[in-house]
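Letter by letter, the chains look like this.
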Amino acid sequence: MMWMKKSLLCIMAVFLVLISGCGEKRTAEVTGSQMVCGSHDYEWINPLRDAYGEIDPLLFDGLMRRDGTGATVPALAESWAYDAATHTYTFHLRAGVTWHDGEPLCPDDVKFTIEAILDPKNRSLQRPYFEDVREITAVDERTVRIRLAAHNEAFLDYMTQPILPAHLLAGKDLTKTGFFRHPIGTGPYRIESWEAGKKIVLVRNEHYYRGAPKIERVIFRVTANDDDEAAGLADGEIDMARLTPKNADAFAGKSGFRYYDMKTTDYRAILYNFKHPYWQRNRDLIPAISCAVDREAIVRDVLFGQGIPAYGPLQRNRYNNPNIEHYDYNPAKARALLEAAGCTMGAHGYYERGGEEVGFVLSVQNDRFGRFEIVTAVAEQLNAVGIHCTVEQPAQVDWDGQMAYLIGWGSPLDADAHTYKVFGTKQVVNEGHYANPRVDAYLTAARQTSDPAERMRLYGLFQEELAKDPPYTFLCYVDSIYVTNTRIHGITEDMLLGHRGSGIFWNVNEWTVD
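Every value quoted in this text rests on a predicted model; they were computed, and no experiment measured them. (Residues numbered from 1 in each chain as written. Predicted model: local features only at pLDDT ≥ 70, side-chain atom pairs only at ≥ 80, totals over all residues. Heavy atoms only, no water.)

K.L.:
Residue-level account of the nonpolar core, with values.
P.N.:
Core analysis: the largest hydrophobic core is formed by 134 residues, its most contacted members being F360 and F423. No other element matches helix 12 (residues 371-385), which puts seven residues into this core. When sequence neighbours within four positions are dropped, the list of residues in contact with F360 reads I270, Y272, W279, I289, L382, I387, H388, C389, T390, M403 and A404. Listed in part, the 14 residues of the second largest apolar core include L233, A241, L243 and F251. (Core = buried A, V, L, I, M, F, W, Y, C linked by side-chain atoms within 4.5 Å. Buried < 20%, exposed > 50% of the residue type's maximum accessible area, 1.4 Å probe, protein only. Helix = DSSP H or I, 4+ residues; strand = E, 2+ residues; numbered from the N terminus. Contact = heavy atoms within 4.5 Å.)

Here it is in C-alpha cells:
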C-alpha cells in the first residue's frame, strides 16, 4: 500500500500547514449565530426516497424520534397506545404544531405520508417498513389510528419516518413535483435559500415544538470531494465536517478543533449481483473470495483504526450472533477452496475454471468517505491470492448489469430495519437480487414477535443462514469522524450513529456557537 502512504503524507503536509494558526479564522459568510457544514451536492431533499439525508432531520419530524440514548420517544405525537388484539396503533398529535408555512399539522398528513410510501410509483425505500399497514383512520383533528395486518415489533421505530404536508402534496405526482427542491416541514429549521451546487441555507423555525434552535442559521456548503471539505474546515470556511480517517487524522489534537470519533452501525461490503451470469456460474466461489480479504489490514491502513472488521450485518445490534463463520483472512484456505472447486492457476497468475478466469469487476459509485481506497485495497488483496479483481467508478450504477458493488448499510433502529428490506427476496433495496427462503422466513418471524428471546433465536438463525449462503463479503464497520471548530457545542459524543452518520443532529436545536 505504498501509494496510500505517499498520498497520505502529501495530504497531511498540506493540512498541517493550513491548520497552524487557522482554527479561528472566519469568513464574511460565517459570522454571528451561524454554523457552516461541509456537504455533498443534492438533487432534492426527499425523505420518501432517501432515509439518510443529513439535511432531512433539520427540516422534518416523525411522530416518534430517537433520543441521545437511542431510545424511541414521542415527537410529533405526544402519546401513543397499542392494541395487540387488533395490531392497532393510536397516535395523539401534539397541539399547536405547524408546518413552516403556518398550516397546522393534522392526521391527514400522517395518512398521506404512509400512503405515499406504499404507492409503488413513488419508489420509496421505506416501503418494506410499512407493508403491514392495512388501514389508516383520522379519528379527529389530533388522533390517527393505524391498523396492521400482523404485529410488527419494529413499527414504532419506523414512525420516526418524516411526515409530509398533505395540504401541499395531495394529488401531486411526487416523482415530478418541485416540492423536494424547496421542502416545507415541521422541523427545527426551514429552507431560506438554495443555490444549486453551492450551498443550502437553513434558518431556524421560531415556532419549533421543542423550542426555537439557538443557532440562527445552518449553512450546508457543497464541496467537490473529501479533500476540499477538509481544506475548507482547516481554513475556517467550514465549521463542521464528516471526514475520512486520513483527512481527520491531521486535525486530531490540533488547537481550534474538536475531533469526534463516533461509533456506527454503518458497514461496507461487496454486494454480488446474482442476476449476472458470472455469479450464476460461480456463486460457490464467494467463500473463497471472503477468505482472501484482510479486513484487519483495511481497518488499520485505510480506516486508521477507526472501525472494526465485519462478518455480518448486526454486529452492533443487541441481536448479533458472533458464533457464525467469519471468513477470517486466510489466503491458504482461499486457494484451497478455489482448487477444491476445480480452479487451476493460469499462465497469467490468476485462477481459471472451465476456460474462464476467476475474477470480477468491483464497482464503487463515488470516492466520498474513503470508498475508493477500500475497494482498491480489496482488489490488491484478491489479486495477490489469484482472483482477478478490477475496480470501476461508473457515473451511474447499473444494478442489473454490474458484477459487484461496494455497498454500505447500517441502521441503529430495530434489527429489522436493515435486514428485512436488504436481504428479503425481491425487496426494494435488495440490489443484489439475493433470494433465500430460509432468510425470508426467519426475518418475517422475527419482526412478528415481541419476545426478545425468540427474536434472538430467529436473528441468530438468520445470520447463520446468511453465512452459509453469503450475499455479501462483509468488510468493515466504519466510524463516523466529525471534526468541528471549537465554536460548536452540543454534539452528543457517545451515541451510536447509523448509515452516513445519521443521528448526529438529533438535538441540533440545542446546539450553540460561540
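K.L.:
Account for the state of the cysteines, naming residues and giving values.
P.N.:
In protein structure, a disulfide is the covalent linkage between the sulfur atoms of two cysteines. Under the counting rule described, the total for this entry stands at zero disulfides. There is no disulfide at C389, and the cysteine sulfur nearest it, in C476, is 15 Å away. (Disulfide = S-S within 2.5 Å.)

K.L.:
Break down the sheet that holds strand 7 (residues 143-148) for me, with residues and values.
P.N.:
Reading across from one edge, 4-5-7-6 is the order of the four strands in this open sheet, with antiparallel pairing throughout. Looking at the sheet topology across the chains shown, the edges are occupied by strand 4 (77-83) and strand 6 (133-140). Direction aside, neighbouring strands of the sheet carry axes that sit 15 degrees apart on average. Relative to strand 7, strand 6 runs antiparallel, the two sharing six bridges. When the sheet's bridge partners are listed, T137 is paired in strand 7 with R145. Together, strand 5 (88-93), strand 6 and strand 7 form the strand contacts of helix 3 (residues 107-118), whose direction differs from that of strand 6 by roughly 165 degrees. (Pairing = 2+ DSSP bridges. Axes fitted to C-alpha atoms, helices over the stretch in contact; angles between N-to-C directions.)

K.L.:
Kindly report on the domain arrangement of the protein, identifying the contributing residues and their values.
P.N.:
Taken domain by domain, the protein holds domain 1 (61-168), domain 2 (187-262 + 480-513) and domain 3 (267-478). Just the C-alpha atoms count here: the centres of domain 1 and domain 2 sit 28 Å apart. Tallying the contact residues gives ten residues for domain 1 and eleven residues for domain 2. Three residues, D61, G68 and H100, lead the burial of domain 1 against domain 2; their summed loss comes to 57% of the area buried on that side. (Domains from an automatic or database assignment. Buried area = accessible area lost by both parts, 1.4 Å probe.)

K.L.:
Residues and numbers for the packing of aromatic side chains, please.
P.N.:
Considering all chains together, one arrives at 24 aromatic pairs under this definition. Plain terms: the ring middles of F220 and F505 are 6.3 Å apart, the flat faces sit at 75 degrees to each other, and that makes the pair edge-to-face. Residue F220 is located in strand 10 (residues 217-222), and its partner F505 is located in the loop between strand 23 (488-489) and strand 24 (512-513); the two are separated by 285 residues in the primary sequence. An aromatic cluster of three or more residues is present, and its members are W80, Y82, Y89, F91, F130 and F155. (Phe/Tyr/Trp six-rings, centres within 6.5 Å; stacked < 30°, edge-to-face > 60°.)

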